[in-house]
Amino acid sequence: MIRNYFKIAWRNLWANKTYSFLNIFGLAIGIACAGLIFLWVEDEVSFDSVYPNKDHIYYIPTNQKYDGAWRTFNSTPGLLAPAFKEEVPGVKHISRVVRREKLFSLGDKAIYEKGLYIDPDFISIFSLHFLQGNAISPLKDVNSIVITHKMAKQFFGDNSNVVGKTLKLDDTQEFVVTGVVKDLPPNVTLSFEWLAAYEPFAKHKEWMHHWGSNSMDTYIELAEGADVTAINKKLESFIQEKTSDDNNTKAFLFAMKDWRLRGHFENGKQTGGRIIYVRLFTVIACIILLIACINFMNLATAQSEKRANEVGVRKTLGAGKKKLIVQFIVEALVMAGFAVTISVVLMLIILPQFNLMVEKQLTLGLDKSLHLIALIIITLFCGLFSGCYPALYLSSFKPVAVLKGIRSKQGSAAFIRKGLVVTQFTISIVLIISTIIVHQQVQHVKKRELGYNKDHLITMNVRGNMEKNFKSIKQDMLNTGMIENVALNSYETLSIGNNGSGATWKGMDENSSNILISYRYISPEFISTAGMEIVDGQDFHPDSPADSTRILITQSLAKLMGPETAVGKNIRLFGKDFEVLGVVKDFIYGDMYGSSDPVIFFLGEQGDATYMYVRPIADIPTQDVLSGLKSVMKNNNPGYPFEFSFVDDNFNAKFKSEMLIGKLSRVFAVLAIVISCLGLFGLAAYTAEQRQKEISIRKVLGSSVKRIVQLLSIDFLKLVFIAIGIAIPIAWWITQHWLTGYAYRIEISWWVFAIAGLTAIGIALCTVSFQAVKAAMANPVKSLKTE
């Protein structure tokens, strides 16, 4: 019996090739799209799952109160970890972590690698798997280092025991490899290529040894059965008890399971994060599948008249309703099976480009039982969901009426078909509107007044002798004739960098006593190199001494100091008085969507600089500029590879999440429209076929092609207009809700809805008109000669 069902299903698919193709291809596109999204979602929700004890691992951030509001920071004092482990029961392991990128070299090979300075407990917290070396105490010596298998291969090749071999760090200090650990997968929050001991690194860094400096990350593993609530409560007041900071700093436990997906905080409260995108894309994947299934329902019910006689004959010969339902469900499952097979091929073709878009290394993983089960579930879902209504509808035909040529009224089927078309186009229009709004918001922020000129500005990490040889490097760069200016900065222009409170001045308002201020240590040329503007006073003199007590401040800080000019006033900070030399126009850093904290610019001393900024002369080819810079750096900083980045590229990277949403929204919108148009194309073809005799009679009676096209198109356009009416308020609510998450945002314009509506009308009209024109141009004699 089952074999016969499959035979009949195959014959019907072959007999209706056009409809079968539209159904299967539409389903395949929908399943491929949903499959790629589910792969992305799986990767996101499985972050850090490689760690067997992840349920007991926490990260310690701090909430700090400034200007009446709580701000959440990742860093903690260096003294926190050892004191907390000693004083609080239930702490199994705890480790301080400092992230750095260092140059490692072996002979002529030199590579920058990111790594961590850690306490011994780190290895136990993250259950690192050692491939070579001793896992118990691999970093007991000052010059010991543990590297990953990937890094070992880069320097020493495959199949080599590297324990005991040496690598040179920053072209100065030699480290002995004491262990090789298994590479971590890409989907971990804390990644590294090397590990070195924290204590030797921090020994001579004074700021790492007092409670007032939050300068590192702290990771903790709690013992089995430990009271998390009690430990968290103790941690909340722990720093306050050590510093007596009037309840302005509160540390807390942040569970590993939330690191990736729920890492966003507002006013000290956890408010979500990437989980929003996970939910959003999961919903969109389901919607794409729904649209594809709608196509099947529409085309299956539209073909009901062709299959009416078949149903009538089968019922007359004794087939019951249940058997007919099973037959039609089997047909739907066969089509879903073909669609899933084609979708797998499509995913294999598309996956490399999709990985580039989402910046991941996803694989189909057809060898994983979970993925195979998922494909089976999708097949069953698509087959049963899309086939259930057509099966019930077709199996309900009365055999006597059908065989007499009396067709049952299809009012309910026609109504459902129209409803499904409206649903498809409603979803498509919502996606079109959302795509436009996301693009507008990103561009709105990108084009806002930043307070500096990011275009063509080059930045390089200060390494080796770059700071020591800065004067000669600068002069050599200027001598190339391609460089306008060069400067040093302690932090990236776009980053928050170092900050704190405690600045005071004469006549200070008590409400300003706890304002968070960012600190920048710069060379005298930085303001002009970055393209910032002095709005009051003057810039640093090029020959200003590094220990100068003069500072520059931004407008927002100058306003806090009173309505009169801030130039010439003194600000007391770090136990010293600093005179305000000039006021810099406010610039955007850190949060690209909001307003930035006030900034104080100090003249940097030796050891302060971490970034060099280079401003090329306008209109000189970039390749020529880079070639000149590479030559200068090779002469002045030998042994260090020439590496650089453009500030505008770093700026664009700040919008990675929003740009990903924008890209995927465009893809989803196009796919939704394509799938909807496939269904609409099939329905238009069916309608034209059903009304062919009517069209022929109208042509014989003098109707023009234009009139017939209008007649066939108007019904479908009515459905699109209904979809527009439904989609606009839904899209407005969704996008308005999304925009409320941004302090600096666009206002939604009416023309966005107009463009989306006109796009939908145009696409539907093109789709329907093709079939309408084809039907209108047909020879009426062929249709009427049998009448």
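Residues numbered from 1 in each chain as written. Predicted model: local features only at pLDDT ≥ 70, side-chain atom pairs only at ≥ 80, totals over all residues. Heavy atoms only, no water.

**Q** Help me out: how do you make sense of the nonpolar core in this one?
**A** Side chains that are nonpolar tend, in soluble globular proteins, to be buried together. Trp40, Phe281, Phe526, Met532 and Phe601 are the most contacted members of the largest nonpolar core, which has 113 residues in total. If sequence neighbours within four positions are ignored, Phe601 has contacts with Arg520, Ile522, Phe526, Ile527, Met532, Phe540, Ile551, Leu552, Thr554, Val584 and Phe587. Core analysis: the second largest hydrophobic core is formed by 26 residues, Val188, Leu195, Phe252 and Phe265 among them. (Core = buried A, V, L, I, M, F, W, Y, C linked by side-chain atoms within 4.5 Å. Buried < 20%, exposed > 50% of the residue type's maximum accessible area, 1.4 Å probe, protein only. Contact = heavy atoms within 4.5 Å.)

**Q** What exactly am I supposed to notice about the sheet that holds strand 3 (residues 69-73) here?
**A** Paired through backbone hydrogen bonds, the strands of a sheet run either parallel or antiparallel to each other. In space, the three strands of this open sheet follow the order 3-2-13, with antiparallel pairing throughout. The open sheet has two edge strands, strand 3 and strand 13 (249-251), and neither has a second partner. In this sheet, neighbouring strand axes are inclined to one another by 25° on average, regardless of whether the strands run parallel or antiparallel. Judged from the three bridges that link them, strand 2 (residues 62-66) and strand 13 form a sheet pairing that is antiparallel. The residue bridging Thr62 from the neighbouring strand is Ala251, located in strand 13. (Pairing = 2+ DSSP bridges. Helix = DSSP H or I, 4+ residues; strand = E, 2+ residues; numbered from the N terminus. Axes fitted to C-alpha atoms, helices over the stretch in contact; angles between N-to-C directions.)

**Q** It is not clear to me how empty space enclosed by the protein should be interpreted in this structure. Could you clarify?
**A** Empty space among the atoms becomes visible once a probe the size of a water molecule is rolled across them. One pass over the structure, following the stated rule, counts six cavities of 30 Å³ or more. What the second largest cavity holds in volume is close to 90 Å³. Residue lining of the second largest cavity: Tyr112, Met460, Asn461, Arg463, Met466, Met633, Asn637, Tyr640, Pro641, Phe642 and Glu643, and that is the complete set. Of the residues that constitute the lining of the second largest cavity, the class distribution is seven nonpolar, two polar and two charged. (1 Å grid on protein atoms, 1.4 Å probe; cavity = no way out; pocket = protein on both sides within 12 Å on 5 of 7 lines; lining within 4 Å. Points joined across faces, edges and corners; volume = space filled by probe spheres on them. Nonpolar A, V, L, I, M, F, W, Y, C, P; charged D, E, K, R; others polar.)

**Q** I'm lost on the layout of surface pockets in this one. Help?
**A** For the second largest pocket, the calculated volume is near 500 Å³. Forming the boundary of the second largest pocket are 22 residues, of which Phe470, Lys471, Ser523, Pro524 and Gly604 lie nearest the centre. With three residues, helix 15 (residues 470-479) is the single largest residue contributor to the lining of the second largest pocket. Grouping the amino acids of the lining of the second largest pocket by side-chain chemistry returns ten nonpolar, four polar and eight charged.

**Q** Which parts of the structure should I look at to understand the packing of aromatic side chains?
**A** Aromatic ring pairs are reported here in terms of the distance separating the ring centres and the angle at which the planes meet. If you walk through the whole model with that rule in mind, you get 29 aromatic pairs. Between Phe254 and Phe265, the ring centres sit 5.4 Å apart and the planes meet at 70°, which makes this aromatic pair edge-to-face. Residue Phe254 is located in strand 14 (residues 254-255), and its partner Phe265 is located in strand 15 (residues 264-266); the two are separated by eleven residues in the primary sequence. You'll find Phe254 and Phe265 in the same group, each marked buried. Pairing Tyr452 with Phe587 gives two aromatic rings, centres 6.1 Å apart and planes at 75°, and the pair type is edge-to-face. Note that Tyr452 is positioned in the loop between helix 14 (411-446) and strand 17 (458-461) and Phe587 in the loop between strand 25 (576-584) and strand 26 (599-603), a separation of 135 residues in sequence. In this structure Tyr452 comes out as buried when scored by relative accessible area, which is 7%. (Phe/Tyr/Trp six-rings, centres within 6.5 Å; stacked < 30°, edge-to-face > 60°.)

**Q** I tried to follow the pairing of strand 24 (residues 570-573) on my own but got confused; where do I start?
**A** Put simply, side chains in a regular strand alternate between the two faces of the sheet. Alternating residues of strand 24 divide into Ile571 and Leu573, all buried, and Asn570 and Arg572, none buried. The pairing of strand 20 (residues 504-505) with strand 24 spans two bridges and is classified as antiparallel. Paired with Trp505 across the two strands is Ile571, which belongs to strand 24. Pairing of strand 24 with strand 25, which is carried by four bridges, proceeds in the antiparallel orientation. Across the sheet, residue Asn570 finds its bridge partner in strand 25, namely Glu579.

**Q** I would appreciate a short explanation of the packing of helix 15 against helix 18 (residues 622-636) in the present structure.
**A** Packed helices, taken two at a time, are described by the angle their axes make and the gap between the axes. In the contact formed by helix 15 and helix 18, the axes pass within 10 Å of each other and the chain directions differ by 150°. Comparing their axes, helix 18 and helix 15 come out roughly antiparallel. Classified by chirality, the crossing of helix 18 by helix 15 is right-handed. Here Ser472, Ile473, Asp476 and Met477 of helix 15 lie close against helix 18, whose contacting residues are Leu629, Val632, Met633 and Asn636. Residues that form the contact of helix 15 with helix 18 fall into these classes: five nonpolar, two polar and one charged. (Parallel < 35°, antiparallel > 145°, perpendicular 65-115°, else oblique. Left-handed = near helix turned anticlockwise from the far one by under 90°.)

**Q** Even after reading the chapter, I still don't get a nonpolar patch on the surface, so can you show me in this structure?
**A** On the surface, a nonpolar cluster with roughly 590 Å² of combined accessible area is contributed by Ile722, Ile726, Ile730, Trp732, Trp733 and Ile734. Here Ile722 is to be found in helix 22 (residues 705-739). Taking relative accessible area as the criterion, Ile722 reaches 45% and is therefore assigned partly exposed. (Patch = residues over 30% accessible without salt bridge, like charges linked within 9 Å, V, L, I, M, F, W, Y side chains within 5 Å. Areas by Shrake-Rupley, 256 points an atom, 1.4 Å probe, with all protein chains shown as cover. Salt bridge = Lys/Arg side-chain N within 4 Å of Asp/Glu carboxyl O.)

**Q** Just to check I follow, could you spell out the side chain of Asp43 for this structure?
**A** Tracing the backbone shows Asp43 in helix 2 (residues 17-45). Residues contacting Asp43, with those up to four places away along its chain left out, are Asn187, Lys360 and Leu362.

**Q** What is the right way to look at the side chain of Glu525 in this model?
**A** With respect to the secondary-structure elements, Glu525 resides in the loop between strand 21 (517-522) and helix 16 (526-530). For Glu525, a relative accessible area of 11% puts it in the buried group. Residues in contact with Glu525, not counting those within four places in the same chain, are Phe470, Lys474, Asn485, Val486 and Ala487.

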